Structure formats: C-alpha cells, structure tokens
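A look at the structure
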Amino acid sequence: MMLTGAEIIIECLIREGVKVVFGYPGGAILPTYDAFYKYRNQVHHVLVRHEQGASHMADGFARATGQVGVCIATSGPGATNLVTGLATAMMDSSPIVAITGQVPRAAIGSDAFQETDVTGVTLPVTKHNYLVTDIHELAYVIKEAFYIARSGRPGPVLIDVPKDIQNEKMDFVYPEEPVRLPGYNPPAGATEQDVQDALELINNAKKPIILAGHGVMMSGAMQQLRELAERAGIPVTLTLLGKGAMPEDHPLTVGMMGMHGAAACNYAIQEADLLIALGMRFDDRVTGNLKTYSPNSKKIHVDIDPSEINKNVKVEVGIAGDLRTVLSQVLPGVKSNSHPQWVGQIRDWLEDGNERDILNNYTGTKLLGAQVINDLWRYTGGEAITVTDVGQHQMLEAQYYPHRRPSTMLTSGGLGTMGFGFPAAIGAKFGMPHEEVWAIVGDGGFQMTMCELATAVQENVNINIAVLNNAYLGMVRQWQEFFYDERYQSTPMVNPDFVKLAEAFGIPAMRVTSRDQMAESVAFARNHQGPVLIEYVIEKEEIVYPMVPAGADLHNMIRRPKPGEKEGATA
C-alpha cells in the first residue's frame, strides 16, 4: 500500500485505537492535515484555538480514560505552544503523544521560517522525543511512542516529523512485532524478601496510615487498596491526584493530606508509626518540612518509578513495581486487624475539623466558594467528573467535593498549571461522552484559555463551566495576606462580564450571587445541550484553611479558628 508519510501517521494512529485528535494546522504540518480529510470518518480532529489548549485537551482525555491522548501542531510557535501542556502531563504522569511538523530536512539548522529545535526544547518535559529523519522509521517510531507513553510510569512523548517526510511515499506495512527497548524494562512485582519485610511492618504496626496517590488509579489497584485497608483496619489518606482512589465516604477514608489537606490527615501522618505510601512521590506540598516529616514512623513506599524510591523520603521498605501486582502479592499475608484507639484519635481530629469548618460557622450573606463547591457536589450527587484549574477553587474542590469513583477529579497537581481546567474538561468529555463533566475554574485561570469557548461551541461539547469569580488571583492574594502584610500587588483583577462573554459565543449563561440560586444554576446547566457557563460571584477575600506555610512542619498548620478562638492561630 503506497502511502505518504502523512497518511502513514494517521494509519498508525488508527491502529493504536485513536478516535480523536486535538490540534491546530500550519504550514509544516499541512500534509498531515490534508491526509486527515481522507480519514475524516475514522479520526475526528478537534480544532482548538491555541495549541496549549490542544495539549491540555489530550491530557484531560488521557486522565479521564486511561488511554493515550493525542495532540498535533505545526513547527516553531505551534510546537512551542505545546510545551506547558507537555510539562503538565510529565509532572502528573499523563500519557500523551504529541505530533509536530518540522521544516524540511534540508532546511533544518538554517533558521528557516517557523523553525525551532523542538526536540531540544521539549527534552526536559517529555518522557521521550523523536526527530524522524527517515520515512522507513516513521511507523515504528509512532508505535514505539505509544508504547513508551502508556507503559511503566506514563508520560508525554513527542514526535517531530519534517514536512518532506510527510510528503514522501513508501510501501506501507504496519510493524506487527512487539516493541522491545533495550534497557527499558518497567518493573512488575516485588521480590519475596520485599513482601516479607512489608508484611512484618504492616502486621505489627499500632498506628499505621496509608498514603494513596495517583498511581493507585493508574495501575488499577483500587480494589487491592480497599482490601488492604479493610483487612488490616488501616485509615487511608489521599493526595490531591489520588482523590477517588478510595471512596471518600468510606469509614476508613480520612481525606486529603498536605498543604491544604485535612488537619486530621496531617496529624495522623505525624503521629503514625507506619506510613504505607502507594503510588505517590512525597511531593513537597504533601510533606512540608522533610526534617520533621512523620518522625516516628517506619515507611513502606511502592512506586512504578525506581527513581522515586528514597528520593525525597528515606524508607525502610522500598518496592519499585506495578502497584496492583505488588499489593496482590502482599495481601495474602496481611492479618485481619483493627486499631480502635488509633482510629478513634483520628475521628477526634476530624470532629475538631468539622467544628472549624466554615460551612458550619458562616453567618455572612455573601456567596462562598466553599458553598458553591459543596452545593455542586450535592446537586450532582457527587457523580460528575470535575476538572479544575489551579488556585483556591482547586483546593476547595478537593475539600468540599468528595469523590466515590476513580479518575473523576482531574487537575494539574505537580506543575500547578493555570489555564488547564477548561480545555482539559473538553478533552475529558470527548473521552467520557456519557459522563456529566464540570469545569470548575477561577476567574484568573479561565482567562488564560477561555479562547477555547469557540472550540466548545464548534464541537457542541456538552460541558458545564463553573467560573468562581472573586476578582482576585485568590491563592496568591491569600499568601499576600498571610505573609506579605496584605500588600495586594498585581492580584486584584478587572474581569470581563463572563455572562456576556459566553453569550457572545452563543453559549447559554447565568450569574449566581446567592446560595439560594445554586439548585437553579445546576438545573439550568443540565437543561441545555452543549456548553453552558455559570458565573458564581463569590466572597473576594475568602481563605482556604487549613494551610501549611511553605517549608513549615506538616503539623504546624494555620487553621480556621473555632468560634471564640483568635484568628490565625496555629495548632
């Protein structure tokens, strides 16, 4: 079958099961776009309004489905506009394949029009990247790229294809042989000694705690995690990206740990005699001051990436392996146990947190971000896929929207990418078309990628956009209040009328200013097919509690005072 390089690209995508691609055309990738016309009934192309949106959409698709997301762009600025999305995916281990056009091989290195060394630029923010210099290697490179993106610790892979290779022809035969990469052998299971060492710690612990991360869902180990917790009677805390790994209404689920996590989680980690870290990497937002982190505990760490073991936190038992496989090895030896005194102590800490919760103490009349999130949870039954941007609303979602199912809270964790939420929600909806999807965004982050409103309209994406508008860069303002004597430099924002903005795109929109409009707003969104925008005008200077100051001890949180306590007291 004589095909051009451009046609080979799409033939390979089809064989990898790709049904949708997010991208933006340009000169160096135009042959491939011309080929898309031939395959338009087999691969759907989503025209974005900015290439960053394409990479976030591919990321959202990947996180929601567990499959590889695909984005495409031209050379030069098209390719460099993907970088933020690739870095976001790299930090959060999200499988993406990005295909970029490049100037013809003869022009490479001549500073040709729209030429950029994209493999050099993206080397630090991809799991691997390629510059294809021979059409005979193209099909195998694509197959290899998908394998690398989804295997082991997933991540983004970029393929740079010169324009002349896209135009060149060859007799195409898809490579059927399995991918084998010398030196690349992702670990699978634990050794017998590792299993026995872990069991000795688990079965003898008095105050154990499980730290469940994103890797639980990526390995499909949700059932094994639950079996471990229930059999051994071990409470479970979650990272931000781990939300949904264990149902948050389960009696053993304590909540999210870390900088803005539940105080009970942080206290439990600091008081534990055993930490069982599963598919998480001890990020600084989770640990606080490493010198004082869980000082009296022994530690078990299981992660697919060997480089994460003992990188930030030294552990007694470090197992590099697939989490589902490792837990399946460990579970037969786990003794039935319970820790009533320890669990009771954690419940006391949780009750103290409930007494401080603003939803239980607020007497004001302005709409709070916490109320918006909690009511969205209530009126959606906690079943929606929520995709957040980064900032206060992100932490409020983590605190006030409990998730029962895996991969239903999607957010930028490691990189903290403002502008991620809205386009990633579009990608998630393409991946999970029958799910209710809410993009929960702040007024700041939304304006970074709100050009994708046009994409949502053109594709008639049935997505609900909740814009929490406090006319501030809220999280930065909170830091300025606590640590910079309320010098609000460059955080107050002049915003557009978001309702009129949406209507300019032909999107139904509604403004909400009081809590008694919440039920109406959810019904309004659900009653329309296609994109809908709800602007929630919230309290300008709301604070997300608790908060562990950067570099502080994990237990030294700034907490919301109980009625009668001094504001800003630490505990």
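Residues numbered from 1 in each chain as written. Predicted model: local features only at pLDDT ≥ 70, side-chain atom pairs only at ≥ 80, totals over all residues. Heavy atoms only, no water.

Description of the sheet that holds strand E2 (residues 20–23)
Pairing is parallel across the open sheet formed by six strands, whose spatial order is E3-E2-E4-E5-E7-E6. Only two strands of the sheet have a single neighbouring strand rather than two, namely strand E3 (44–47) and strand E6 (128–131). Strand-to-strand twist across the sheet, computed as the mean angle between neighbouring axes with direction ignored, equals 20°. Sheet topology note: the E6/strand E7 (residues 156–162) ladder contains four bridges and is parallel. If you follow Tyr 130 over to E7, its bridge partner there is Ile 159. The strands touched by helix H7 (residues 135–150) within the sheet are strand E4 (69–73), strand E5 (96–102), E6 and E7, with E7 carrying the most contacts at an inclination of about 165°. (Pairing = 2+ DSSP bridges. Helix = DSSP H or I, 4+ residues; strand = E, 2+ residues; numbered from the N terminus. Axes fitted to C-alpha atoms, helices over the stretch in contact; angles between N-to-C directions. Contact = heavy atoms within 4.5 Å.)

Things to note about the pairing of strand E18 (residues 464–469)
Burial within E18 is extensive, with six of its six residues counted as buried. Burial of E18 is two-sided: the residues Asn 464, Ala 466 and Leu 468 facing one way and the residues Ile 465, Val 467 and Asn 469 facing the other way are all buried. Pairing of strand E17 (residues 437–442) with E18 involves five bridges; the strand directions are parallel. What sits directly across from Ile 440, in E18, is Ala 466. Note: E18 against strand E20 (residues 532–537), six bridges, orientation parallel. Note on E20: the bridge partner recorded for Val 467 is Glu 535. (Buried < 20%, exposed > 50% of the residue type's maximum accessible area, 1.4 Å probe, protein only.)

Overview of the packing of aromatic side chains
The final tally for this structure, using the stated rule, is 12 aromatic pairs. With 5.8 Å between their ring centres and 75° between their planes, Tyr 472 and Tyr 488 make a pair best called edge-to-face. One end of the pair, Tyr 472, is in the loop between E18 and helix H22 (474–483); the other, Tyr 488, is in the loop between H22 and helix H23 (498–504), with 16 residues separating them in the sequence. On the accessibility criterion, Tyr 472 (11% relative accessible area) is buried. When the ring centre of Tyr 37 is taken as reference, the NZ or CZ atom of Arg 40 above it lies at 4.0 Å. One Lys or Arg, Arg 477, reaches over the ring of Tyr 472 and ends 5.7 Å from the middle of that ring. (Phe/Tyr/Trp six-rings, centres within 6.5 Å; stacked < 30°, edge-to-face > 60°. Lys NZ or Arg CZ within 6 Å of the ring centre and 35° of its normal.)

Observations concerning helix H2 (residues 30–38)
Count 3.6 residues to each turn of an α-helix, and residues three or four apart come out pointing the same way. Within H2, the full set of buried residues consists of Pro 31, Thr 32, Tyr 33, Ala 35 and Phe 36. Packed against the buried residues of H2 are helix H1 (5–15), E2, E3, E4 and helix H8 (163–167).

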